[in-house]
There are 2 protein chains.
Amino acid sequence: MASNFTQSLSANRAGCAGCYLRHFCLSADLNDAETEIFSSHIVSQRRVPKGEILFRAGDPLDTLFITRLGSFKSSVLNENGSEQVTDFHMTGEVLGAEAIPTGYHICTVTALEDSEICSLRYRELEAFCDRDLKIARQFRLLLGRKIVAAHQNLLILGCTNSTQLLASFLLNLARKFEARGFSKSEFVLRMTRGELGSFLGLKLETVSRTLTHFDELNLIEINQRHVRIINLEGLKAVAKESGRAKRKTSQE
Amino acid sequence: MASNFTQSLSANRAGCAGCYLRHFCLSADLNDAETEIFSSHIVSQRRVPKGEILFRAGDPLDTLFITRLGSFKSSVLNENGSEQVTDFHMTGEVLGAEAIPTGYHICTVTALEDSEICSLRYRELEAFCDRDLKIARQFRLLLGRKIVAAHQNLLILGCTNSTQLLASFLLNLARKFEARGFSKSEFVLRMTRGELGSFLGLKLETVSRTLTHFDELNLIEINQRHVRIINLEGLKAVAKESGRAKRKTSQE
DNA sequence: CGAGTTCTTGAAACCGCTCAAAATGCGTGG
DNA sequence: CCACGCATTTTGAGCGGTTTCAAGAACTCG
């Protein structure tokens, strides 16, 4: 992953033109000349080492970000000092859109691993939307994707017990990896058990126990943060089971 | 409320021009002539009686809706037949935006009470965005608001116990009422205990018990669906308490 | 290799769920 | 206007699952 990290940035210093995400991003519909203009006026790419904070709750909205490589978490700090994770972000997602209505960020975004982002000056982006309808359309599409992602998170969090919560979360994660061209059956969790628990409304011990429980049931293999989904259908069954057939019921 | 229902529609047959929501909606920045054009091409208002379904998961995205009066729920049907509520909607919210990326709705939206909606033909709206930048900007703003609303729901659902879940939900609801010019301390829940539980990841019995528990603690008064928040600060404290000071601890 | 973080595992208390039944409220029709 | 039936809500008791508290193991990073 480190090699990926150093490699990809140097290969894309040019901006949008050579970006492997281009066709899913704002400049998707632009021709080469337009891309060059857009890229040079709006965009700047840069690395974000693990742990770096892109923006904090309360910061004014100067730039929107798009994840190019790596992963991030959104979180909010409660008055009692505890951190509440509200989302995890992967490649191609817009970061900071929650600030659009008010002009101020309402959550803090942190890199979970060495990552790369694309910075978009928001003012200029808005102005560009006025001049270039293709950018405006694509921007709407990205905002729509954000809404869909949030909706899927709400679906997950509506589950009532740890089994369903974690099964749903893993399935959603697998789908997101698949959509990005990675393996849907084998991947690495970039967040700690604590962050995962904070997102799902569980304690980290419960997350740990439930994951090892899935391992015992041969639904997944899990070593630290490395996950391999063995029995996809079984996991789906667990995620949506109506009753509480937790353990393998020998009869029936 | 029934009088409101019959009254407001007749008063606004003209479209956006006389709509009391206009300044928070798509036509906010248009002058009278532009509003007339936009309104006549895109918009149609209509009543939606309680229980009516605006669209179902799987339906193609023909029209977006904006709540003018009343309230709605979004839900998804699991394969086992159970309904999962993913959101509640109030005045001024866009309904159907989750369908923008794919062109197909991914949830079902149902009126929780006699309501009024504004229908926007999506194709025409997109075309209008290309012609009128003010509409495009305002549309982005509405999508941004949707993202913010989803984020706040995620914050609520990250809570770990029924007390915090319900306290957070009530506070969020109060804030939404306040933002719409209604009382933030006295309002009516438009959803059943079951729907509320489905959204929060709790069983309806737990919802009922927790609400009466709040009543016993003199945080709220609740009669059926009528809620009055008596001790706002206390409710906030309960929503974000780090420990589990559930009952009034006499010592310490 | 060592220090700190992260993860796992255990036991007990607590909380939310399940199942069950009664009470309340609401709409419809008499 | 009242009575009836149905949906919603409340309440109870017992069980099971999640949290809490605690300690040890495994991993990461300098």
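Residues numbered from 1 in each chain as written. Chains lettered and ligands numbered in written order. Predicted model: local features only at pLDDT ≥ 70, side-chain atom pairs only at ≥ 80, totals over all residues. Heavy atoms only, no water.

By the naming in an unreviewed UniProt entry, chain A is Cyclic nucleotide-binding domain protein, taken from Parasutterella excrementihominis YIT 11859.

As for the sheet that holds strand S4 (residues 72–77) of chain B
Picture the strands of a sheet paired through backbone hydrogen bonds; they go either parallel or antiparallel. Residues and elements named next belong to chain B. In plain terms, the rule: Strand pairing follows a simple DSSP-based rule, namely that at least 2 bridges must link the two strands. Working definition: helices are DSSP H or I runs of at least four residues, strands are E runs of at least two. Numbering for both runs from the N terminus. Axis definition: a line fit to C-alpha positions, over the contact stretch in the case of helices; interaxial angles, taken between N-to-C directions, run 0 to 180 degrees. Contact definition: two residues touch when any of their heavy atoms are within 4.5 Å.
Spatially, S2-S7-S4-S5 is the arrangement adopted by the 4 strands of the open sheet, whose pairing is antiparallel. Of all the strands in the sheet, just strand S2 (53–55) and strand S5 (83–89) have a single pairing partner and so form its edges. Averaged over all pairs of adjacent strands, the angle between strand axes in this sheet comes to 30 degrees, irrespective of strand direction. Helix-sheet contacts for helix H6 (residues 193–200) involve S4 and S5, and the interaxial angle to S5 is about 95 degrees.

Overview of the UniProt feature "domain: Cyclic nucleotide-binding" (unreviewed entry) in chain A
For clarity, the cut-off: UniProt positions are given in the numbering used here, feature names are shortened, and annotations may be inferred rather than shown by experiment.
Mapped onto this numbering, the UniProt entry gives "domain: Cyclic nucleotide-binding" (unreviewed entry) at residues 26–100 of chain A. Segment residues 26–100 of chain A splits into 15% helix and 41% strand. End C-alpha atoms: 17 Å apart.

A closer look at the pattern of salt bridges
Filter applied, for reference: Basic side-chain nitrogens of Lys or Arg form a salt bridge, by our definition, when they fall within 4 Å of a carboxyl oxygen of Asp or Glu. Relative accessible area decides the class of each residue, using a 1.4 Å probe on protein chains only: under 20% of the type maximum gives buried, over 50% gives exposed, and in between gives partly exposed.
Counted by the stated rule, this structure contains 29 salt bridges over all chains. The shortest N-O distance in the salt bridge between Arg137 of chain A and Asp130 of chain B comes to 3.0 Å. Remark: Asp130 of chain B occurs in helix H3 (residues 122–131) and Arg137 of chain A occurs in helix H4 (residues 133–157); the pair is interchain, linking two chains. Judged by relative accessible area, which is 35%, Arg137 of chain A ranks as partly exposed. One connected set of salt bridges, linked through shared partners, spans Arg137 and Arg140 of chain A together with Glu126 and Asp130 of chain B.

Overview of the layout of surface pockets
Cut-off, in case you're wondering: Site definitions follow a grid-based scheme: protein atoms alone, a 1 Å grid, a 1.4 Å probe that fits but cannot get out for cavities, and for pockets an open set with protein on both sides within 12 Å along at least five of seven lines, plus lining residues having an atom within 4 Å of a point. Grid points are joined across faces, edges and corners, and a volume is the space filled by probe spheres set on the points. Three classes are used: nonpolar for Ala, Val, Leu, Ile, Met, Phe, Trp, Tyr, Cys and Pro, charged for Asp, Glu, Lys and Arg, and polar for all others, with Gly counted as polar. Marked domain ranges trace back to an automatic or database domain assignment.
Estimates place the volume of the largest pocket at around 1,200 Å³. Looking at the largest pocket, it is lined by 42 residues, and the ones nearest its centre are Met90, Thr91, Lys176, Ala179 and Arg180 of chain A. Elements represented by at least two residues in the lining of the largest pocket include exactly strand S5 (83–89), H4, helix H5 (162–179) and strand S9 (186–188) of chain A. Looking at side-chain class alone, the lining of the largest pocket contains 21 nonpolar, 11 polar and 10 charged residues. There are two domains that each give the lining of the largest pocket at least three residues, and those are domain 1 (2–156) and domain 2 (160–240) of chain A. Its volume calculated, the second largest pocket comes out at about 720 Å³. Lining the second largest pocket are 24 residues, with Thr91, Arg145, Lys176, Ala179 and Arg180 of chain B positioned closest to its centre. For the lining of the second largest pocket, the secondary structure elements donating two or more residues are S5, helix H4 (133–157) and helix H5 (162–179) of chain B. Top element by residues in the lining of the second largest pocket is H4 of chain B. It accounts for 7 residues.

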